[in-house]
Amino acid sequence: MADVGTQGGSSTADRSTGQAGRGTTTIADGVVATIAGIAIRETDGVYSVGRGASKAIGAVTGRRSGSSGVGRAVKVEVGEKQAAIDVDVEVEYGVQIHKLADRIRTQVTDAVESMTGLEVVEINIYVFDVHVPDEDEEDEGDRSGRASARVQ
């Protein structure tokens, strides 16, 4: 799989001849990754996409729908007519992960196929974490609670 965040999406995603042979259309890997990334982020139950630097970049830039940072967390492999996609996601606590994975696959397939004409043959989803919102609030509360208990 090519990581389009570092490669720049230079390979050919689709080489169609257009109407009556009046030219070719080439779709870069980064375009496919961006479309997939936006579709994944728009899926209810996904807390974040990508890990490490990709996750940090996505947290800042992913809020803008047209951001190129979205594609950095998604790896794609494209051919003449097909695409395969790998993505790492953090899910929200309480979500049925197997059903979320099905929704992600449906949304990504619909978005990529309708926008590019490529057939999505595979979407590999790696769930690397579960986000528990209460833990964030408890951690912040504990810090302030400890500080006030230690100093009077």
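Note: the structure precedes this text.
Below: a short report on this structure. (Residues numbered from 1 in each chain as written. Predicted model: local features only at pLDDT ≥ 70, side-chain atom pairs only at ≥ 80, totals over all residues. Heavy atoms only, no water.)

**Here's the deal with the packing of helix α2 (residues 29–41) against helix α4 (residues 97–116)**
Across the interface, α2 lies against α4 with an axial gap of 9 Å and an inter-helix angle of 140°. As α2 packs across α4, the resulting crossing turns out to be right-handed. Here Val-32, Ile-35, Ala-36, Ala-39 and Ile-40 of α2 come into contact with α4, specifically with Ile-104, Gln-107, Val-108, Ala-111, Val-112, Met-115 and Thr-116. Classifying every residue of the contact of α2 with α4 by side-chain character gives ten nonpolar, two polar and no charged. (Axes fitted to C-alpha atoms, helices over the stretch in contact; angles between N-to-C directions. Helix = DSSP H or I, 4+ residues; strand = E, 2+ residues; numbered from the N terminus. Left-handed = near helix turned anticlockwise from the far one by under 90°. Contact = heavy atoms within 4.5 Å. Nonpolar A, V, L, I, M, F, W, Y, C, P; charged D, E, K, R; others polar.)

**Some words on the pattern of salt bridges**
Tallying each qualifying case throughout the model produces one salt bridge. Between Asp-88 and Arg-51 there is a salt bridge, with its nearest N and O atoms 3.0 Å apart. With Asp-88 in strand β4 (residues 82–92) and Arg-51 in the loop between β2 (46–49) and α3 (52–61), this residue pair connects regions lying 37 residues apart in the sequence. Taking the relative accessible area as the measure of exposure, Asp-88 reaches 21% and is therefore partly exposed. (Salt bridge = Lys/Arg side-chain N within 4 Å of Asp/Glu carboxyl O. Buried < 20%, exposed > 50% of the residue type's maximum accessible area, 1.4 Å probe, protein only.)

**A word on the nonpolar core**
Ile-40, Val-74, Ile-85 and Val-108 are the most contacted members of the largest nonpolar core, which has 28 residues in total. Mapped by element, the contributors of at least two residues to this core are α2, β2, β3 (74–78), β4, α4 and β5 (119–131). (Core = buried A, V, L, I, M, F, W, Y, C linked by side-chain atoms within 4.5 Å.)

**Concerning the environment of Val-46**
With respect to the helices and strands, the residue Val-46 is situated in strand β2. Looking at Val-46, the relative accessible area reads 9%, which means it is buried. For the pair Val-46 and Val-95, spaced 49 residues apart in the sequence, the C-alpha separation amounts to 8.8 Å. Setting aside residues up to four positions removed in sequence, Val-46 forms contacts with Ile-40, Val-89, Glu-90, Glu-92, Leu-100 and Ile-104.

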